Number of protein chains: 4
Amino acid sequence: MVVVLKRDHTEDQLRDVSKVMEQGGVKVMVSRGSEVTILGAEGDSSGLDEEALSQLPGVEKVMRVSEPYKKANRKYHPDDTLVDIGRGVVVGGRKLTVIAGPCSVESEEQIVGIARSVKSSGASALRGGAYKPRTSPYSFQGMGLEGLRLLNEAREATGLPIVTELMSPDQLPIFEETVDVIQIGARNMQNFDLLKKVGKIDKPVLLKRGLSSTIEEWLMSAEYIMAGGNDKVILCERGIRTFETYTRNTLDLSAVLAVKSLSHLPVLVDPSHACGRSWMVEKMALAAVAAGADGLIIEVHNDPGNAMCDGAQSVTPDQFDALMRKLGPLADCVGREL
Amino acid sequence: MVVVLKRDHTEDQLRDVSKVMEQGGVKVMVSRGSEVTILGAEGDSSGLDEEALSQLPGVEKVMRVSEPYKKANRKYHPDDTLVDIGRGVVVGGRKLTVIAGPCSVESEEQIVGIARSVKSSGASALRGGAYKPRTSPYSFQGMGLEGLRLLNEAREATGLPIVTELMSPDQLPIFEETVDVIQIGARNMQNFDLLKKVGKIDKPVLLKRGLSSTIEEWLMSAEYIMAGGNDKVILCERGIRTFETYTRNTLDLSAVLAVKSLSHLPVLVDPSHACGRSWMVEKMALAAVAAGADGLIIEVHNDPGNAMCDGAQSVTPDQFDALMRKLGPLADCVGREL
Amino acid sequence: MVVVLKRDHTEDQLRDVSKVMEQGGVKVMVSRGSEVTILGAEGDSSGLDEEALSQLPGVEKVMRVSEPYKKANRKYHPDDTLVDIGRGVVVGGRKLTVIAGPCSVESEEQIVGIARSVKSSGASALRGGAYKPRTSPYSFQGMGLEGLRLLNEAREATGLPIVTELMSPDQLPIFEETVDVIQIGARNMQNFDLLKKVGKIDKPVLLKRGLSSTIEEWLMSAEYIMAGGNDKVILCERGIRTFETYTRNTLDLSAVLAVKSLSHLPVLVDPSHACGRSWMVEKMALAAVAAGADGLIIEVHNDPGNAMCDGAQSVTPDQFDALMRKLGPLADCVGREL
Amino acid sequence: MVVVLKRDHTEDQLRDVSKVMEQGGVKVMVSRGSEVTILGAEGDSSGLDEEALSQLPGVEKVMRVSEPYKKANRKYHPDDTLVDIGRGVVVGGRKLTVIAGPCSVESEEQIVGIARSVKSSGASALRGGAYKPRTSPYSFQGMGLEGLRLLNEAREATGLPIVTELMSPDQLPIFEETVDVIQIGARNMQNFDLLKKVGKIDKPVLLKRGLSSTIEEWLMSAEYIMAGGNDKVILCERGIRTFETYTRNTLDLSAVLAVKSLSHLPVLVDPSHACGRSWMVEKMALAAVAAGADGLIIEVHNDPGNAMCDGAQSVTPDQFDALMRKLGPLADCVGREL
């Protein structure tokens, strides 16, 4: 933390600001120029509150120098983290991870059928919602426990690890038992209670970026999980909210590069939710891999026109297969493999 | 719902779209022009999925006509809702509600002192956080149960009803017992699990607008609570996330007018969180009342420079008192009273 | 400017960064701690490029301390600027300025009629577009020179100074001759060629904030005009672009406070363009004055349903009269007068 | 245009709305249901004002069906437009166009040197600013006419067509004579005066997307140019303004897909301005091509640390060469060639 004092600050103000900084746990280095006086914090400044400091009398400006996240920070963990999600699938590293499946589990036939199909196209894992976050209380809310059971059947049938969203801490025990990767959705990215709870278990967590979360807030949410002891965090960019309304959200592929630079955690991209239009999925999936994503999450539905949720953005198994065929050679171009 | 078909649609496509609409529970009115064919839905179209319809073959565009919320909709409940929060305080109606207090409960002396002070300045209720949503897992997370106990002492001492944020369903029973208004914070506005749970109790809920939530999404979250049976919902605008960084958020006062027009629920404004700078609070509070807000939530701290949270945006008891003195005459100008 | 070096910076890097800073015209103050090394710039740092510095080898972070605008900066000009726009009207100071009139000049009868009407309700100046910035090349583009002539007739008839938008440098000579205040519209806020040109004349300029301009960029555009020698700049907040679509734009009233604090220039608010809905104008106008605006720009049309432009957001002369009657007492509450 | 009336509309209101629509030049098709009454416009609805209609008494909602742009619309021009920019270079089609060069022309040695270098790496055209849009009036504003002269020398030396930004209509004649592609910058995307003027000449125009422009507004600005008779328009996505501050802007690659679907015009991507960090350029360039862009604009500087403008985002000639080597195979993967 660096604090710049106002040109007309008093000695008392300098002393007060220094004191607040020292109480926050740092040593203060004072540098007086003829026009500008700078206080530099040495040591762990995570106890200092940037905004509070900036309001103290005599303070002109405050700048945080170090990132507020530690366990998620590449500075302290230079090597890429690899997350083993079971059944021989590892997220991160040279090999891309492609998670595919429907928005919601709708029936045994549907989920097992799609699982078989995406597996034969080369998917690494199966996604499918049993509990669905819906804007309206009157929309289909997911099959619940029965959905979890059907996901397990699909895993039995195909060997694909399963990824599904947790919305309530009440379901945590059953998720711990039956699910391979617990997804925390965009709307719950700052549901700190839920983050703390999944931080205390030993199970991979897929953390989606919030609709209007900065990259730093996203990494801080990863830090919440890791601070609890669970370092199996997989990040997922899924589009942010902007003024543009043609697409459902705006896919921020530069965030993938940023996160890979700032953190050692693997990052996937979900082009389906980002675009909200199935015809855009293939090209944005290719772009995501070209940008350096560690993999993809793709919504696949056997009958998008009649899907109970998000049909507009789901590709068919055939379209998914075509996508995978194009992805292989492109991955090779950028030093990855499928 | 109105569906416009593409100029070159086929009869089969028209039939298929009509069928999907009818399966959604509406009667379809077909209107064929020489250039444009329009399908109008009659009846309850809440079972129709706008995005899914828009992806069907032959469809050019889809427009939803009616709002997706019912219980929160002024169309069906033209009269303003008044929410009784206990101790003789009613939110909504001619009289403004001013909720004041610190970001966090820090000690008995602090909370009881501030409560006495804001009461003497004319506040209607006391706010104070016992559980705090913090971006960093390493920041002060609130005093927890002890905080709730101290809030109760402050209520005993002053008679002010207490408003505090619920972050975890685990705490719901103790909140139900000890708190007058349960606050759902901006970051949990679409924590649907929590919304459903507070929808099933009989206790006023203060629902803050999410950082990047549209007005419609906000009202849909109110609908979640009301759909469960709890219609004691108070809305609170607290600033939205935009590209501007001078203020912490951008206070959207036109949203107050929009919500008062679309819904019958009362709306408060929190200028402290919106601006993030204490010197802005007074003027934005006056502006909020001029715009038609039913009241305010103001952060007040006896020693903002040393607050454990959000000191930068807290006014002192003296500043709060000055604000209240200016608020009275202004309220009178716009047909309200303090 | 303060530059923080990376912990592992080399002496050569320190020397190179210092050199770049010195070449930019400042004296460098080096402060070495055991963990952090800080370079502080003394003197005029307007020649330093923050982004370029931040990319130099060994640099961790760069923070600008002083604002990049000088002439528009309240630090160097503590007193409020008052802008005399002629006919006895001064913008800034205790008395509010209310500029009213139609989006476009449409006919002599229309503009003179509206001018008489708004004058009798207490307006200080008349607005009306002769050249209109329209999203579509196929929309009405304004009456042009004939529109300017009609505005002059309206001024003759009422004595109200006239405010109208300049879109092309070609029209500058005729504007200089016939107009009292030259408006630079939101879309031209960073049309630097036009800014430079109006900076060289001696005529008040009303500078609207761009749709997605930060407060600092807005003040830098004012600086462009002032750097040319024209310090008669009036700022106007007119709503920014956000994700919310219920209103045309989001009126950012906290920007009024920010600008009044950072700059000495007067600030008006245009609630008509911000909201895009005429029924919102009155309340947002009151809120703007409560927040501290120096005045308002209100679209008034005698027949909004048939206006050639922006009818949706225009109030009728009667509605404008009602607004003005409410504005007087409210202005009084906040230490202003109408 | 489709207009839905309020359930309780009167016959007079229906008649009035129909009349306004007919005056706008369309035939009105009335469709009355038991609950909903819909008015459909047949014919050219470009004379109808959506917002004005939506404010008429009795109107519930208005939906525009057809896009407001015609000449830029793929519906009326299904085939891709190819723009010949001279010296054998055509933008659009299978072959990618890569425009490279420094932000500003700084000297003969610099611009000719960079031109030779990027040509040898495979660039198709040379970019370089002679007139620079700078946020601050105190920053380097470009070399002006001398810059144009140096660009011409670089073209002589290499045969690369030159692309440079026009900021003032005053310079249009000299640009017409000496430049191959006229760039309209993001800040001037809605400088309608300038758009009209470049619409009247016969010279390719590179139209950058405004910082907060919707895709539709961008295409409407292209329409302004085309409406004047100049159909040689090349679009360029360069990042939009969002809440994220890690990158200078947020590159919106889904906009490339959207524009390629809505319009027949070619689309380039400028990853340098979008990201503002040179280390991100390569990967985002690859992603842009994977997403379907027709080419790239890349800032290349021989000495980024001492560039007079935008050094932070410029790659060196060596980095550019490396990028081009990776681009070739990737282009091949997505059916394009370099």
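Heads up: these notes are all about the structure in this document. (Residues numbered from 1 in each chain as written. Chains lettered and ligands numbered in written order. Predicted model: local features only at pLDDT ≥ 70, side-chain atom pairs only at ≥ 80, totals over all residues. Heavy atoms only, no water.)

**Considering the sheet that holds strand 4 (residues 59-63) of chain C**
Residue and element names in this part refer to chain C.
Then, number 1: Ordered by their spatial adjacency, 4 strands build an open sheet running 2-3-1-4, and the pairing between neighbours is antiparallel. Because the sheet does not close on itself, it has two edges, and the strands there are strand 2 (27-32) and strand 4. Each adjacent strand pair in this sheet contributes to an overall mean axis angle of 20 degrees, direction not counted.
Then, number 2: As defined by bridge partners, strand 1 (residues 2-5) adjoins strand 3 (residues 37-42) across 3 bridges and the pair is classed as antiparallel. Paired with V3 across the two strands is L39, which belongs to strand 3.
Then, number 3: The sheet contacts of helix 1 (residues 11-23) involve strand 1, strand 2, strand 3 and strand 4, and relative to strand 3 the element is tilted by about 15 degrees. (Pairing = 2+ DSSP bridges. Helix = DSSP H or I, 4+ residues; strand = E, 2+ residues; numbered from the N terminus. Axes fitted to C-alpha atoms, helices over the stretch in contact; angles between N-to-C directions. Contact = heavy atoms within 4.5 Å.)

**Side note on the relation of the copies chain D and chain A**
A rotation about an axis combined with a shift along that same axis relates the two copies of the chain.
Then, number 1: Expressed as a screw transformation, the operator carrying chain D onto chain A has a rotation angle of 180 degrees and an axial translation of 0.0 Å, and the superposed copies differ by an RMSD of 0.0 Å. Taken together, the rotation and translation describe the operation of a two-fold axis. Closest to the rotation axis within chain D is the C-alpha of A287 of chain D, separated from it by 2.1 Å.
Then, number 2: Both copies present the same face, since 100% of the interface residues in chain D are matched by interface residues at the equivalent positions in chain A. (Least-squares fit on C-alpha atoms with pLDDT ≥ 70 in both.)

**Quick look at the pattern of salt bridges**
Then, number 1: Throughout the structure, instances matching the rule amount to 108 salt bridges over all chains.
Then, number 2: Between E67 of chain A and K75 of chain A there is a salt bridge; the shortest N-O distance is 3.1 Å.
Then, number 3: Classification of K75 of chain A as partly exposed rests on a relative accessible area of 44%.
Then, number 4: Its salt-bridge partner being D170 of chain D, residue K197 of chain C comes within 2.6 Å of it at the nearest N-O pair. In this pair, K197 of chain C is assigned in helix 6 (residues 192-198) and D170 of chain D in the loop between strand 9 (162-165) and helix 5 (172-178), connecting two distinct chains. (Salt bridge = Lys/Arg side-chain N within 4 Å of Asp/Glu carboxyl O. Buried < 20%, exposed > 50% of the residue type's maximum accessible area, 1.4 Å probe, protein only.)

**Overview of the relation of the copies chain C and chain B**
Then, number 1: Relative to chain B, chain C is turned by 180 degrees and slid 0.0 Å along the rotation axis, the superposed coordinates differing by an RMSD of 0.0 Å.
Then, number 2: Both copies contact each other with a shared surface, as 100% of the interface residues of chain C are interface residues in chain B too.

**Looking at unusual backbone geometry**
All names here are of chain B.
Then, number 1: Of note in this structure, R87 is not a glycine but carries a positive phi near 55 degrees.
Then, number 2: You can see R87 is positioned in the loop between strand 5 (83-86) and strand 6 (89-91).
Then, number 3: According to the relative accessible area criterion, R87 is partly exposed, its value standing at 47%.

**Brief notes about the interface of chain C and chain B**
Then, number 1: Between chain C and chain B, the residue contacts involve 35 residues of the former and 35 residues of the latter.
Then, number 2: Both faces considered, chain C and chain B share a buried interface measuring about 2,800 Å² in area, 77% of it formed by carbon and sulfur atoms.
Then, number 3: Its largest share of buried area at the contact with chain B, chain C owes to F243, S254 and L257 of chain C, together 21% of the area lost on that side.
Then, number 4: Joining chain C to chain B, the criterion identifies 2 salt bridges.
Then, number 5: For R209 of chain C, the salt bridge identified is with E244 of chain B, shortest N-O distance 2.9 Å.
Then, number 6: Linking chain C with chain B are 4 residue pairs in polar contact (both at pLDDT 80 or more).
Then, number 7: Secondary structure elements with two or more residues in the side of chain C that touches chain B: helix 8 (253-262), helix 10 (278-291) and helix 11 (317-333) of chain C.
Then, number 8: When its residues are assigned to classes, the side of chain C that touches chain B shows 22 nonpolar, 8 polar and 5 charged. (Buried area = accessible area lost by both parts, 1.4 Å probe. Polar contact = N/O pair within 3.5 Å; in protein donor to acceptor, adjacent residues only side chain to side chain. Nonpolar A, V, L, I, M, F, W, Y, C, P; charged D, E, K, R; others polar.)

**Quick notes on the interface of chain D and chain A**
How big an interface is tends to be stated in terms of accessible area lost as the parts join.
Then, number 1: Across the boundary between the two partners, chain D contributes 35 residues, which contact 35 residues of chain A.
Then, number 2: A combined buried area of about 2,700 Å² lies between chain D and chain A, and 77% of that area is made up of carbon and sulfur atoms.
Then, number 3: Considering only the side of chain D, the residues that lose the most area to chain A are F243, S254 and L257 of chain D, jointly responsible for 21% of the buried surface there.
Then, number 4: Run the count over chain D and chain A and you get 2 salt bridges.
Then, number 5: Across the chain D-chain A interface, the total number found is 4 residue pairs in polar contact (both at pLDDT 80 or more).
Then, number 6: Only helix 8 (253-262), helix 10 (278-291) and helix 11 (317-333) of chain D provide two or more residues apiece to the side of chain D that touches chain A.

**Some remarks on the sheet that holds strand 2 (residues 27-32) of chain D**
The strands making up a sheet associate through hydrogen bonds between their backbones, and the pairing can be parallel or antiparallel.
Residues and elements named next belong to chain D.
Then, number 1: Spatially, the 4 strands line up as an open sheet ordered 2-3-1-4, and their pairing is antiparallel. Each edge of the sheet is formed by a strand with only one pairing partner; in this case those strands are strand 2 and strand 4 (59-63). Along the sheet, successive strands turn relative to each other by an average axial angle of 20 degrees, direction set aside.
Then, number 2: By the bridge criterion, 4 bridges tie strand 1 (residues 2-5) to strand 4 in an arrangement that is antiparallel.

**Concerning helix 1 (residues 11-23) of chain D**
Residue and element names in this part refer to chain D.
Then, number 1: For helix 1, with 13 residues, the first-to-last C-alpha span of 18 Å sits near the 18 Å given by 1.5 Å per residue.
Then, number 2: Considered for burial, the residues of helix 1 that qualify are L14, V17, S18 and M21. Buried residues of helix 1, seen end-on, are gathered within an arc of 100 degrees and therefore sit on one face of the element. Relative to its buried face, helix 1 has exposed residues pointing more than 90 degrees away, namely R15 and Q23. (Expected span 1.5 Å × (residues − 1). Arc of directions from axis to C-beta.)

**Observations concerning the side chain of S213 of chain C**
Then, number 1: Assignment of secondary structure puts S213 of chain C in the loop between strand 11 (205-208) and helix 7 (215-227).
Then, number 2: For S213 of chain C, the residues in contact, after removing those within four places along its chain, are F243 and E244 of chain B, M189 of chain C together with R241 of chain D.

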